[in-house]
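# Analysis of the macromolecular model
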Amino acid sequence: MKLLTHNMLTSHVKGVTKGYPLLIKATEVKVNEVDFNPQFVSRMIPKLEWSALVQAADELGHRQDLPVELVPEYEKNEEFLKKVHRVLLEVEVIEGCLRCPESGREFPISRGIPNMLLNDDEV
Amino acid sequence: MDATVENNVNPVRRSKEDKKVIRKQLKASHTLLKHEGISTARQPTKSLVVANGGLGNGVSREELSAALKQMGEVDKLIMHPNKPYAFVTYRSEESARKAHINLNGEKLQCGENSVTLYLSYVDSVTCEEEASVPLPEGLVLVEDFVCSEEEALLLAAIDWSSTNTDVTAQKALKHRRVKHYGFEFRYDNNNVDKDKPLPAGIPQECLPVLERCVKNQHIDIMPDQLTVNQYESGQGIPPHVDTHSAFEDTIMSLSLGAKTVMEFRHPDGRLVAVVLPERSLLVMKGESRFLWTHGITPRKFDMVPACDPQSFGDTTPDLRTSSNLTLSKRGTRTSLTFRKIRHEPCRCAFPSACDSQGAPPAPSPPPPPSLPCCHADAALLEEQYVHRVYDAIASHFSSTRHSPWPRVCHFLSSLPPGSVLADVGCGNGKYLGVNPELSAVGCDRSSALVQICAERGFQAFVSDALSVPLRAASCDACISIAVIHHFSTQERRLAAVQELVRLLKPGGRALIYVWAFEQEYNKQRSKYLKDQNKELPENHNPAENSPEESQEPQGKSSVHNSSHSEDNYRTVDNNQHVTDGKLSVHTNRTAFETKDLLVPWHLKDGKKRVEGDSGEGGKKDKQKEKSKKTSRSKATLDCNPATSPGLDSNMFSDSSLDTIAATHSSKPSPCCDTSQTCSSAVKSESEIIPAPVFHRYYHVFQQGELEQLCAQQAGVTVQSSYHDQGNWCVILEKALNR
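Here we summarise the structure given alongside this text. Note that the coordinates shown come from a computational prediction; the quantities given were computed from them, not determined experimentally.

## Some thoughts on the interface of chain A and chain B
- Contacts between chain A and chain B engage 24 residues on the former and 28 residues on the latter.
- Interface area for chain A against chain B, summed over the two sides, is near 2,100 Å², with a carbon-plus-sulfur share of 60%.
- With a closest N to O distance of 3.6 Å, A:Arg43 and B:Glu437 form a salt bridge.
- Listed by contribution, the elements that provide at least two residues to the side of chain A that touches chain B are helix H1 (3-8), helix H2 (38-44) and strand E4 (113-114) of chain A.
- Among the elements that line the side of chain A that touches chain B, the one with the most residues is H1(A), at four residues.
- In the side of chain A that touches chain B, the residues fall into 12 nonpolar, six polar and six charged.

## Structural notes on the environment of B:Val228
Residues and elements named next belong to chain B.
- Residue placement: Val228 occurs in strand E11 (residues 225-231).
- Between the alpha carbons of Val228 and Thr334 there is a distance of 6.9 Å; along the sequence they are 106 residues apart.
- In this structure, Val228 is in contact with Ile158, Trp160, Arg177, Val178, Lys179, Tyr181, Thr334, Ser335 and Leu336, ignoring residues within four places of it in sequence.

## Considering the nonpolar core
- Counting residues in each nonpolar core, the largest one holds 68 residues, and the members touching the most others are A:Leu98, B:Leu470, B:Ile512 and B:Leu732.
- When residues no more than four places from it in sequence are discounted, the contact partners of B:Ile512 are B:Ser480, B:Ile484, B:Val497, B:Leu500, B:Leu706, B:Cys710, B:Trp728, B:Cys729, B:Val730 and B:Leu732.
- Counting residues in each nonpolar core, the second largest holds 26 residues, with B:Ala41, B:Val50, B:Leu68 and B:Ala96 among its members.

## Quick word on empty space enclosed by the protein
Residues and elements named next belong to chain B.
- Counted by the stated rule, this structure contains nine cavities of 30 Å³ or more.
- Computed from the structure, the largest cavity encloses a volume of approximately 450 Å³.
- The wall of the largest cavity is formed by 29 residues, among which Gly425, Gly427, Asp444, Ala482 and Val483 lie closest to the centre.
- Counting residues per element, the ones that place at least two in the lining of the largest cavity are helix H8 (375-400) and strand E22 (439-444).
- Sorting elements by how many residues they give to the lining of the largest cavity places H8 first, with five residues.
- Looking at the lining of the largest cavity residue by residue, the classes come out as 13 nonpolar, seven polar and nine charged.

## A closer look at the sheet that holds strand E14 (residues 260-265) of chain B
Residue and element names in this part refer to chain B.
- Here we have four strands laid out as an open sheet, ordered E12-E17-E14-E15, and antiparallel in their pairing. Among the strands making up the open sheet, the edge pair consists of strand E12 (237-240) and strand E15 (271-276). Each strand axis lies, on average, 20° off the axis of its neighbour in the sheet, ignoring direction.
- Looking at chain direction, E14 and strand E17 (residues 293-296) are connected through three bridges and run antiparallel. Bridge pairing in E17 links Arg265 to Thr293.

## Digging into the environment of B:Ala454
- Here B:Ala454 is to be found in helix H10 (residues 447-455).
- If we skip the residues at most four places from it in the chain, B:Ala454 touches A:Arg111 and A:Ile113.

## Quick notes on the packing of aromatic side chains
- In total, this model carries 10 aromatic pairs over all chains according to the counting rule given.
- Geometrically, the ring pair formed by B:Tyr513 and B:Tyr722 is edge-to-face, given 6.1 Å between the ring centres and 80° between the ring planes. Highlighted residues: B:Tyr513 in strand E25 (residues 504-515) and B:Tyr722 in strand E31 (residues 716-724), separated in sequence by 209 residues. Across the pair, B:Tyr722 and B:Tyr513 agree in class, each one buried.
- Connected via pairs of aromatic rings, a cluster forms that spans A:Trp50, A:Tyr74 and A:Phe80.
- Looking at B:Arg212, its charged tip hangs above the ring of B:Phe145, at a distance of 5.7 Å from the centre.
- Directly above the ring of B:Tyr722 sits B:Arg407, whose terminal nitrogen or CZ lies 3.6 Å from the centroid.

Cut-off values and rules
Residues numbered from 1 in each chain as written. Chains lettered and ligands numbered in written order. Predicted model: local features only at pLDDT ≥ 70, side-chain atom pairs only at ≥ 80, totals over all residues. Heavy atoms only, no water. Contact = heavy atoms within 4.5 Å. Buried area = accessible area lost by both parts, 1.4 Å probe. Salt bridge = Lys/Arg side-chain N within 4 Å of Asp/Glu carboxyl O. Helix = DSSP H or I, 4+ residues; strand = E, 2+ residues; numbered from the N terminus. Nonpolar A, V, L, I, M, F, W, Y, C, P; charged D, E, K, R; others polar. Core = buried A, V, L, I, M, F, W, Y, C linked by side-chain atoms within 4.5 Å. Buried < 20%, exposed > 50% of the residue type's maximum accessible area, 1.4 Å probe, protein only. 1 Å grid on protein atoms, 1.4 Å probe; cavity = no way out; pocket = protein on both sides within 12 Å on 5 of 7 lines; lining within 4 Å. Points joined across faces, edges and corners; volume = space filled by probe spheres on them. Pairing = 2+ DSSP bridges. Axes fitted to C-alpha atoms, helices over the stretch in contact; angles between N-to-C directions. Phe/Tyr/Trp six-rings, centres within 6.5 Å; stacked < 30°, edge-to-face > 60°. Lys NZ or Arg CZ within 6 Å of the ring centre and 35° of its normal.

This is the structure:
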């Protein structure tokens, strides 16, 4: 699970209103090399929940010097985009779990795949 | 003394006293032999009786013949089962005399024990040419059906991990271990739970073997049930007939890891013991399947023919006579028994043994599932007829879903770069990589399929389409291709659409494809109907045909036609409503008769396999084995462990082995041949090969039905609606002010 994906995921346990962002507990994290496409990263940024991204990167210990707030005119800031690229697309949680911040319910991540299936009573 | 005498026999200079003892014992043996009807000769001849050198004493052929051969060229060595002696005929009288001198009164080391041999000349050796015992009718044994590599692969594929409490219990009881795939076989009623398929179907690793079975015409229908039995030395299975009502006629058993002897018993008392060599396939049909019982006596040693064709002179040894038997210690044998579940009552010609026709009545077959009326029932139905099936067929399914549909690709390519896309029900991730400019994430209910996505480098997670854990209005676009038709109630189908809409940002678009009830459109039969002769055509569902094989998809013109015109389509059959609420099984490649149905999926391994040296390797092994046995080596003397009869009282079966172990060599399929045909079998998409069948639930949509469903959703408009190769398709747009 990449942090780009994590940024979109939310807890959908019944009754939960503050299920986002999911907390990450990772036991295995991988950093892959992914081709850097500045336009792509640039386009993704407005669609992200920035603070959730920073928080997630932090949880994984991969935040490095990603700023708490978006820098202005990031579209042309290749250095910044590269940082975002790394955190968004290169860092991957292989094993661990996602935890609903409200209910505490944990969703396992195994072989890079989060299993978000709810039990019948949680739907 | 001959300098070449080996160490197992110790000719010792005897004292007078010793010689006296030997003489006495010899006399005693003569008496015994006389009782056996064997008269000894006073003068030397070419033939000797070797008292105490018999299979009945636990002396193996290899051990004895090694000792005898040292004395000269052996013409014949006859060892009757159960007898405490052997007959040896040498080429020359001189050799016989040498043997007499050197071996009479001498100890022969057999593993941990030793026997004292007493030799006497005999005039003639009776070698009854026993009529070869025929195998039970319908029984075929194919040797070397798999090569050693395949054997190893198959054995590794069986997961004996003891999460299964049965397996731990079996271990504790020193019972043979059993594991089922496809369907659970119940030992309480000796039948199968036909309405409860197991989550694990027949493992992929077995498919090449099964294909080979079909190719070699051992079966015409692919099995859908596998029972794995693992027997340690000393374990067996009581004689039984496989329940008629549970399984179809042909039953196949692959023996791995070790050989064994299986006994077949006819009601009239006949017994046939059949050696099942390692890597052999036993095919039971007809009488052998329905009438004869089969079982494996718990033993540590079996009497089996010695496979040593080069050892004895002129004659090609007939494996079916007693002269070529030896003892064989059992190793751990794993059998894979493949069967096809029977859904109709058995109508065999053997009613006395048939539970469908008299003998204890079979439990009545479970009623076919009916359409659910509530969410809980619907979820259960979908669990059984959608989720479990996809998990079982995942990789085969994935291999048949390799080409994205052009019109779906068109939709994806038309999205602005950087769009966030959710593919709900992404399957094997076929569409996730179509447009690399998108940020695409997939989700599917099947973890097996999601796993395939991950392997391909896509982002995907496991979830239900009715509750997607993505934030509302987080997606620029969604697709749901061939998904919603798996929901078994109207409410759930609507909920699925609603979920897609929830995910969309205002102004976002969703593309939905579902199977159409009407397979003919614009007077053109859909590819699904057209491809009647394709390999596994039933698996090429309308929504998932690979377009590269055909001309332009038919649906193109429909975009311009009014999709509401009655003229544009006709149903091939009358439009029947489901009145009784029962689901019927659909016949693939025909028009749909009802809207809710179970569609068969014929499982086949579509994966490409690397045909390595498996064939060659297997062959090499065979040759190595042969040369080992012919070499005159000390090794063979020690290789058989203790064969003392006392050790294992079961060594000679209670069934008194009145017939001898028969080996029936039908034309063995050397694995190197079949491995080559295997590689061509993989691409034999043009052949029709039957396969294990799974049933998937579908609700097929009539024209306009999908649109109606979407219309029930507030805040969306149908942008376009069309028919594409047997699917009804809709592009929705979420209103901007939502």
